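These are the residues of each chain, in order.
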Amino acid sequence: MRWGMVVNLIKCTRCHACIAACRIEHFLPMGMNWPRLIAWETDVPGEELTTIPVRCNQCKDAPCVEVCPAEATKKREDGIVYVDNDICVGCRYCIIACPYQNRTFLSRDKDPGYFPGYERTRFEKAGRKIYPHTVGTTEKCDFCMERIDAGLAKGLVPGKDREATPACVNTCQARALTFGDLDDPESEVSKLIKEKNAFQLHPEYGTDPSVYYIDGKIGNAPSNIAPREEQTASHMQHLSTMEERAKQIFGKK
Amino acid sequence: MSRMATRQWMTTHEWMVKPMHQREWIERRGIMIWIAETFTSLGAGLYLVSLFINSWWGLLVGWLIIMFLKLPLHIAYFGKPWRFYRTLPPFSNAWKTSWFARGILFSVFFGTFGFVQLVFGQPDLANLIGTSIANPIYYTFGVLAGINAVGTGIYGGFIMNYVKGIPFWNQGLLPVVFILAGVADGFGLTMGIGLGGGDASVSWAETGSSYLLIINILLIIVYLISARYTSEVAKISVQELLTGPSAFMFWGGLVTLGMVIPAAVSLVSLFGEASTVLLIIAIVAHTLGAFALKYCLLKVGIYRPLLPKVAAY
Ligand code: SF4
Ligand code: SF4
Ligand code: SF4
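Model, not experiment: these values are computed from the prediction.

1. Quick notes on the overall build of chain B
Reasoning step 1: Broken down by element type, chain B carries 10 helices and 2 strands.
Reasoning step 2: Its C-alpha atoms give chain B a radius of gyration of 21 Å, near enough to 20 Å, the size a compact globule of 313 residues would have.
Reasoning step 3: Viewed in the frame of its principal axes, chain B has a C-alpha envelope of about 70 × 55 × 45 Å.
Reasoning step 4: Here chain B holds 313 residues, and the buried ones make up 51% of them.

See below:
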């Protein structure tokens, strides 16, 4: 079993919901970022920004695991790479070694509280009991391993049952994120990778990332422009559903 | 409003979109890594050269640099310094895969073996217990300390050369640059030991220093040329060194202080005897050059961007 994710860039509407979902799920400190939405301008006149949601790729041959001098970064049997923050010495070699730059060192100034200058809210305090976010150590996306473990313990299927699926995948309103077992040829992720010619970021590093991308026309070819209409279609559809619902609610009033 | 509230940690949407500098090991607290790396070079290099010429004072100073300047700085840089022991067996077996862990082990072994060598090499103590007992111990531990000094001096090169995302570092030659620069630094400091009245020959150290200087100049030229043709991002690194933001450190620090001035002093002594003042200038310039070399290497560590479109980088 090896957990993986497919990000469909055609469907992604660049809404930031996955970023927010991860922050909420893990009570991330203000200066901490696990997933990110990176953006750049296309060279097509009149085109808008193009974006890619990125997070730790849970590399099969992860340099961050190999270099960690304290064995604080570990890889599980199911392929998830995580940091044991009770062991991490904060040397930051893993940050340097990650060719995708998906790790962040939690320094004191990155953790000023949600309302700097004020006491932590009850929400934050409650969150710290679950995710301590130890200052002086390194953090990154862990594929929501707690959700996966808890879900599996209940007999649920990650990627199918929401309770066992990563928070960002659940939240994505455009259904651009798909999660599942890369080792199972019948899983949705495996089928998507095969059918849509999904690609990994910088496969030449030999890291074998577990996060794949689908981009309308490219497959393995370099291109970064997915058709705009397709990008926004699912979102507009989603908005129209909301509009309908809003009419129902406000109409009643 | 709190000052914290206005702080920008990173521009998340621009992260790794274009070629991006590594910052962790050169900016803010990362300066400690730069200085620690330079002390590694100076300490290990001095120890190795002193072993070769059997200079007890050189061994002592080299050992002190590693134990009291390099190691504390490295550990102080850690986010959790008191967990330092976690990097060592039996708590961690990371030395099997991690050059960082190996480097820490080399340093610890170096510290231990070097200490024993220094104790049994101390003339008064050696006379007290008898040279027939002291000498074999001194030489045996000298070999062990020497091997670990090589490891200590070279591991930084392997640490950086392992990073696939930074093509300027990801060059096979980098560890060679590290160790040879260290030995050259060692020769420079050995001159200082000799001038300070220690048991090292100044003229011998000066000759060694001149040869190493020539080798290092050639090595750095080869390194820059080979990096230049490795990838577009490594080319940016080279440009930054030659004409960009790091040019001052490269030309002023590494080339002028680290190479031209020591070479000029060597030339002077080739045709006569260089004065003590000139030799001191050469030693200081060489040492500052060592700091400049590590700064340049760390500062122009640039990552290839993430995006498929610019994969050609
Ligand atoms: S993306 Fe980076 S942090 Fe994540 S597993 Fe790969 S090397 Fe490690
Ligand atoms: S910062 Fe922590 S997790 Fe990263 S390499 Fe160092 S000890 Fe390991
Ligand atoms: S998988 Fe979980 S930890 Fe990773 S980005 Fe998504 S929500 Fe965050």
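Read on, since the account is not over.
2. Examining the site of ligand 2
Reasoning step 1: Contacts to ligand 2 come from A:Cys68, A:Pro69, A:Thr73, A:Val83, A:Cys88, A:Val89, A:Gly90, A:Cys91, A:Arg92, A:Cys94 and A:Thr138.
Reasoning step 2: Counted by class, the shell around ligand 2 contains 7 nonpolar, 3 polar and 1 charged residues.

3. Focus on the sheet that holds strand S8 (residues 177-181) of chain A
Residues and elements named next belong to chain A.
Reasoning step 1: Here we have 3 strands laid out as an open sheet, ordered S8-S1-S9, and mixed in their pairing. Single-partner strands in this sheet number two, and they are S8 and strand S9 (211-214). For this sheet the average axis-to-axis angle between neighbouring strands, irrespective of direction, equals 20 degrees.
Reasoning step 2: Relative to S8, strand S1 (residues 3-8) runs antiparallel, the two sharing 5 bridges. Each residue of the ladder has a partner; that of methionine 5, found in S8, is phenylalanine 179.

4. Thoughts on the packing of aromatic side chains
Reasoning step 1: The final tally for this structure, using the stated rule, is 26 aromatic pairs over all chains.
Reasoning step 2: The interplanar angle of 40 degrees and the centroid separation of 6.1 Å between the aromatic rings of B:Phe78 and B:Phe100 together place this pair among those described as tilted. Of this pair, B:Phe78 sits in the loop between helix H2 (56-77) and helix H3 (99-121) while B:Phe100 is found in helix H3, placing the two residues 22 residues apart along the sequence.
Reasoning step 3: Judged by its relative accessible area of 3%, B:Phe78 is buried.
Reasoning step 4: Overall, the relative accessible area of 6% leaves B:Phe100 in the buried class.
Reasoning step 5: With a centroid separation of 4.2 Å and 10 degrees between ring planes, the pair formed by B:Trp99 and B:Phe158 is classed as stacked. One end of the pair, B:Trp99, is in helix H3; the other, B:Phe158, is in helix H5 (residues 131-161), with 59 residues separating them in the sequence.
Reasoning step 6: Judged by relative accessible area, which is 23%, B:Trp99 ranks as partly exposed.
Reasoning step 7: Grouped by ring-pair contacts, the aromatic residues A:Phe27, A:Tyr114, A:Phe123 and A:Tyr131 constitute a single cluster.
Reasoning step 8: Positioned over the ring face of B:Tyr77 is A:Arg92, at 3.9 Å from the centre of the ring.
Reasoning step 9: Lying over the aromatic face of B:Tyr229, B:Arg228 brings its terminal NZ or CZ to 4.7 Å of the ring centre.

5. Here's the deal with the side chain of B:Asn161
Reasoning step 1: Its location among the elements puts B:Asn161 in helix H5.
Reasoning step 2: A polar atom in the side chain of B:Asn161 sits 2.9 Å from the backbone oxygen of B:Gln171.

6. A short note on the environment of B:Val284
Reasoning step 1: For B:Val284, the location among the structural elements is in helix H10 (residues 276-299).
Reasoning step 2: In this structure, the C-alpha to C-alpha distance between B:Val284 and B:Gly58, residues 226 residues apart in sequence, is 16 Å.

7. Observations regarding the site of ligand 3
All names here are of chain A.
Reasoning step 1: All residues adjacent to ligand 3 are Cys22, His26, Trp34, Pro35, Arg55, Cys141, Asp142, Phe143, Cys144, Pro166, Ala167 and Cys168.
Reasoning step 2: Elements supplying a minimum of two residues to the shell around ligand 3: helix H1 (17-26) and helix H6 (167-171).
Reasoning step 3: Taken together, the residues of the shell around ligand 3 sort by class into 9 nonpolar, 1 polar and 2 charged.

8. A closer look at the interface of chain B and chain A
Reasoning step 1: If you look at the interface, chain B gives 48 residues, while chain A gives 52 residues.
Reasoning step 2: Taking both sides of the interface into account, the surface hidden between chain B and chain A amounts to around 4,400 Å²; carbon and sulfur atoms contribute 62%.
Reasoning step 3: Counting across the interface, chain B meets chain A through 3 salt bridges.
Reasoning step 4: Close ionic contact of A:Arg92 with B:Glu24 constitutes a salt bridge, the shortest N to O distance being 3.8 Å.
Reasoning step 5: Along the contact surface separating chain B from chain A lie 23 residue pairs in polar contact (both at pLDDT 80 or more).
Reasoning step 6: Those elements that place two or more of their residues in the side of chain B that touches chain A are H3 and H5 of chain B.
Reasoning step 7: Of the residues belonging to the side of chain B that touches chain A, the class tally is 27 nonpolar, 11 polar and 10 charged.

Cut-offs and rules
Residues numbered from 1 in each chain as written. Chains lettered and ligands numbered in written order. Predicted model: local features only at pLDDT ≥ 70, side-chain atom pairs only at ≥ 80, totals over all residues. Heavy atoms only, no water. Helix = DSSP H or I, 4+ residues; strand = E, 2+ residues; numbered from the N terminus. Rg over C-alpha atoms; globule rule 2.2 N^0.38 Å. Buried < 20%, exposed > 50% of the residue type's maximum accessible area, 1.4 Å probe, protein only. Near = heavy atom within 4 Å. Nonpolar A, V, L, I, M, F, W, Y, C, P; charged D, E, K, R; others polar. Pairing = 2+ DSSP bridges. Axes fitted to C-alpha atoms, helices over the stretch in contact; angles between N-to-C directions. Phe/Tyr/Trp six-rings, centres within 6.5 Å; stacked < 30°, edge-to-face > 60°. Lys NZ or Arg CZ within 6 Å of the ring centre and 35° of its normal. Polar contact = N/O pair within 3.5 Å; in protein donor to acceptor, adjacent residues only side chain to side chain. Contact = heavy atoms within 4.5 Å. Buried area = accessible area lost by both parts, 1.4 Å probe. Salt bridge = Lys/Arg side-chain N within 4 Å of Asp/Glu carboxyl O.

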